[in-house]
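What follows is the residue order along each chain.
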Amino acid sequence: MDSGPANGRGATSRLAARIVTWLLIAAVVGFDVWTIRSSRKIWNFGEPQKDYYNLLVDGFQDGHLHMKAEVPAALLNAPDPYDPAKRPPGIALHDASLYRGKYYLYFGVVPAVTLLLPFTAITGVDLPLQLGVLLFVLGGIAISLATWRAVRRRYFADATPWLDPMAVLALGVTSMGPVLLRRASVWEFPISSGYFFAMAGLACVYGAIHATRRQRWWLAGAGLALGLAVGSRPTYFFATTALAVPLLWWWWRERAAGGGRWWPTKDWWTRLACAVAPLALIGAGLAWYNYARFGNPFEFGVSYELSGVYEGKMRHFSATYVPLNFHRYFWAPWQLRDTFPFIAIEPVGTAPEGYYIGDDLFGVWRTVPFTWLGLVALAAAWRPGKGDGLAVWTVSTGALFAGVAGFIVFFYSAMGRYLLDFCPALAWLACVGTAVLEQRLRGPLRLVARIFWVATLAVSVVFALLFSLSFNREFRERNAESHRAVARWFNHGPEWIARATGNGYGPMALDVRLANLRTGSDLNLITTGTGTRRDRVFVRALAGGQMQIGFAHGEHDVRLSRPLAAELGRTHRLRAEMGSLFPPEDFPTAARWDALPGTSPLRRLRIEWDGEPVLAGRQMFFPASPGTVAIDTKSVVQTRREGLDAAGTSGTDVMNWRARARLSATPGTS
């Protein structure tokens, strides 16, 4: 028995872990609610909702299967309404399915039947779709945490109590729910529903494996939940193999107990019937639903979808998409930025024919390193020992992941919102793997393992939250004011670092010595930004010993000065005052310019050549940072930064030696 002081320390640790757990639950719920509300979608609770799903429910209440929405005559009379080139622009419901003059949804019908329709029938008002997405996501988290509590009590009761806060962060954040909630709309609603029922299915599978009574009810619940997941998202079809794992396990145990008998017992067949019957019933219902709408039990409406491409002629699934999808979902790296949101996507590069490059996406195994701990859980499953029930459930969870991910990589696009289809299973495996390490390791090995899982969990949670805040620029574009406030808070650190290291912001003065200008060519003196999102100040050589000072925003927005004499070999002074050299509007410093919208330096261009203004006026700029500033070191012999006054204009000319050294070492383009 532990000593009194040890027991006291253990009780204190358990209490602290319990308090932290509940605080983290509140934080996760609060962040999810804030995420969905910060999109500035007006719910108009109590008023008629006009989203696709509520229009479908309106149709159900009127006694038909199509949406309660009028199809414009111009769309019906189009030569080929499914061809975007022949369809009148802007008159069709995007991503709705048009069949025999009616609008249908190819999205799963289950969330409409299980949530929206009952809510409307009971309350008499429509449920806002965004609230429905939030309820499904929070419900999935609640079921996951309840299942974790059961796993914890049965298998890891003597492990550190700090596994509970770990599970909250892993199951509530690294599952990528916050990413889905960043844009809660018609596309995200069935995904959230599929996630909820998939977690319910895993919980029922766990209950069936460990039940001493009512095992058949647990199996029926698992079949029902996984069937509803399929009805929400057909991508869960192969994930129903999660039910096959315990059935095979029971058959193997019966075979061993029966002396090698291969034919299952009557009890096994009863289990099979309980698991499969609800699944088959839902499958039959979906087949009838499709046949009643489109005359084909296997047609969900994709062939009649109205989108930006001709969906009926698209190759939606192909093995040629697998390598790129696997890379984007699991191995695509992230690029570090020195300002909020600190992460940037890797360019996709060449894609197979017919592939659609959609959302921003990062590879889970490279950006959420905590998921690697799932390998520990799977490895432990091969040597179950006394925890054979946990091993079976772990393999069942792995089967759900493999079923969804193995199917989705054949699709013609990879979407960030699809991460919620399989990331929760990865989070579950990682939680079990972490608990196995905590239970089985001792001494220094446990300390090393603990440092590893704490560090990887911290990195994974931070990345998932940043991914949610930056996903597809949804937050910035839908709520610029709130985004700016969040960005300025996060950018206090980068701004302080920029000042401390001398790599700050402000107008630049260059001493330039030109040589060997080729007529018709451009020599870039200053470049800010990256890729195609860059601004540059350049010299354009003209015939007859003349030149022009130019500014280019991207590839096409170009401004040129009047012709100037190209005095080669002489040192000239170029002074550039351009918005991309100033602290961006997402920096705390830029807050002082909010009251000066007409004169803000972020929209001002002024280029001087030997003290003479040659270009001036209002101008748009791409966001930049000191790390993206490039100077042509062959022509620039000295670089100066200028101080800023409160209005953003230049103050005292201050030589910044550290900035000069850094900029002089940055190669430019010419």
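You'll find the structure just up there.
Anyway, here's the lowdown on the structure attached to this text. (Residues numbered from 1 in each chain as written. Predicted model: local features only at pLDDT ≥ 70, side-chain atom pairs only at ≥ 80, totals over all residues. Heavy atoms only, no water.)

**Some remarks on the overall build of the protein chain**
Of regular secondary structure, the protein chain possesses 21 helices and 16 strands. With respect to the principal axes defined by its C-alpha atoms, the protein chain has extents near 100 × 80 × 50 Å. Relative to its 670 residues, the protein chain shows a buried fraction of 53%. The contacts in the protein chain between residues at least 6 apart in sequence include a share of 72% that link residues at least 24 apart. Accessible area for the protein chain stands at about 30200 Å²; split by element, carbon and sulfur atoms hold 61% of it. Of the charged side chains in the protein chain, 68 are positive and 48 negative, and the gap between their average positions amounts to 7 Å. (Helix = DSSP H or I, 4+ residues; strand = E, 2+ residues; numbered from the N terminus. Buried < 20%, exposed > 50% of the residue type's maximum accessible area, 1.4 Å probe, protein only. Contact = heavy atoms within 4.5 Å. Areas by Shrake-Rupley, 256 points an atom, 1.4 Å probe, with all protein chains shown as cover. Lys, Arg positive; Asp, Glu negative; His and termini not counted. Charge placed at Lys NZ, Arg CZ, Asp CG, Glu CD.)

**Describing the pattern of salt bridges**
What the rule picks out here adds up to 23 salt bridges. One salt bridge connects Glu-474 with Arg-478, and the closest N-O pair in it is separated by 2.4 Å. Of this pair, Glu-474 and Arg-478 both sit in helix H18 (residues 474-478), separated by four residues, roughly a single helical turn. Taking relative accessible area as the criterion, Arg-478 reaches 30% and is therefore assigned partly exposed. The salt bridge partner of Arg-484 is Glu-585, with a shortest N-O separation of 3.9 Å. Remark: Glu-585 occurs in the loop between strand E11 (571-578) and strand E12 (604-609) and Arg-484 occurs in helix H19 (residues 480-490); sequence separation between them is 101 residues. Looking at Arg-484, the relative accessible area reads 24%, which means it is partly exposed. Through salt bridges that share partners, Arg-216, Glu-254, Asp-267 and Arg-271 make up one connected network. (Salt bridge = Lys/Arg side-chain N within 4 Å of Asp/Glu carboxyl O.)

**Quick word on helix H9 (residues 215-232)**
Over its 18 residues, H9 runs 26 Å from end to end, which matches the ideal 26 Å to within 8%, given 1.5 Å per residue. Taken together, the buried positions of H9 are Gln-215, Leu-219, Ala-222, Gly-223, Ala-225, Leu-226, Gly-227, Leu-228, Ala-229, Val-230, Gly-231 and Ser-232. (Expected span 1.5 Å × (residues − 1).)

**Remarks on the packing of aromatic side chains**
Inspection of the entire model under this criterion finds 52 aromatic pairs. When the centroid spacing of 5.1 Å and the interplanar angle of 85 degrees are considered together, the rings of Trp-268 and Trp-269 count as edge-to-face. Assessed through its relative accessible area of 37%, Trp-269 is described here as partly exposed. Note on Phe-330 and Phe-401: the rings are 6.1 Å apart at their centroids and 85 degrees apart in plane angle, and the pair reads as edge-to-face. Note that Phe-330 is positioned in helix H12 (residues 322-331) and Phe-401 in helix H15 (residues 388-408), a separation of 71 residues in sequence. (Phe/Tyr/Trp six-rings, centres within 6.5 Å; stacked < 30°, edge-to-face > 60°.)

**Some words on the environment of Phe-452**
Along the chain, the position of Phe-452 falls in helix H17 (residues 443-470). According to the relative accessible area criterion, Phe-452 is partly exposed, its value standing at 41%.

**Focus on helix H10 (residues 244-257)**
Helical geometry: 3.6 residues make up each α-helical turn, so side chains three or four residues apart lie on a common side. Taking 1.5 Å of rise per residue, 14 residues should cover 20 Å, and H10 covers 20 Å from first to last C-alpha, within 8% of that figure. Buried positions along H10 lie against helix H8 (188-210), H9, helix H11 (266-294) and H15.

**Notes on unusual backbone geometry**
Pro-341 follows Phe-340 through a cis peptide bond whose omega is 10 degrees. Counting through the fold element by element, Pro-341 comes out in the loop between strand E3 (334-336) and strand E4 (343-345). Backbone geometry places Arg-100, a non-glycine residue, at a positive phi of 50 degrees. Counting through the fold element by element, Arg-100 comes out in the loop between strand E1 (97-99) and strand E2 (102-104). Even without being glycine, Arg-473 reaches a positive phi, approximately 60 degrees. Looking at the element boundaries, Arg-473 is found in the loop between H17 and H18.

**Re the pairing of strand E9 (residues 557-560)**
Pairing between strand E8 (residues 546-553) and E9: four bridges, direction antiparallel. Within the sheet, the bridge partner assigned to His-553 lies in E9 and is Asp-557. Between E8 and E9, which pair antiparallel and follow one another directly, the connecting turn spans three residues, one of which, Gly-554, has a positive phi of 75 degrees. (Pairing = 2+ DSSP bridges.)

**Describing a positive patch on the surface**
On the surface, a cluster of positive charge is made up of Arg-14, Arg-18, Arg-149 and Arg-153. Secondary structure elements with two or more residues in the positive patch: helix H1 (4-37) and helix H5 (129-155). One can find Arg-14 in helix H1. (Patch = residues over 30% accessible without salt bridge, like charges linked within 9 Å, V, L, I, M, F, W, Y side chains within 5 Å.)

**A closer look at the side chain of His-572**
With respect to the element layout, His-572 can be found in strand E11. On the basis of relative accessible area, His-572 is assigned to the buried category, the value being 1%. A polar atom in the side chain of His-572 sits 3.1 Å from the backbone oxygen of Glu-567. Setting aside residues up to four positions removed in sequence, His-572 forms contacts with Leu-510, Asp-511, Val-512, Glu-567, Trp-609 and Asp-610. (Polar contact = N/O pair within 3.5 Å; in protein donor to acceptor, adjacent residues only side chain to side chain.)

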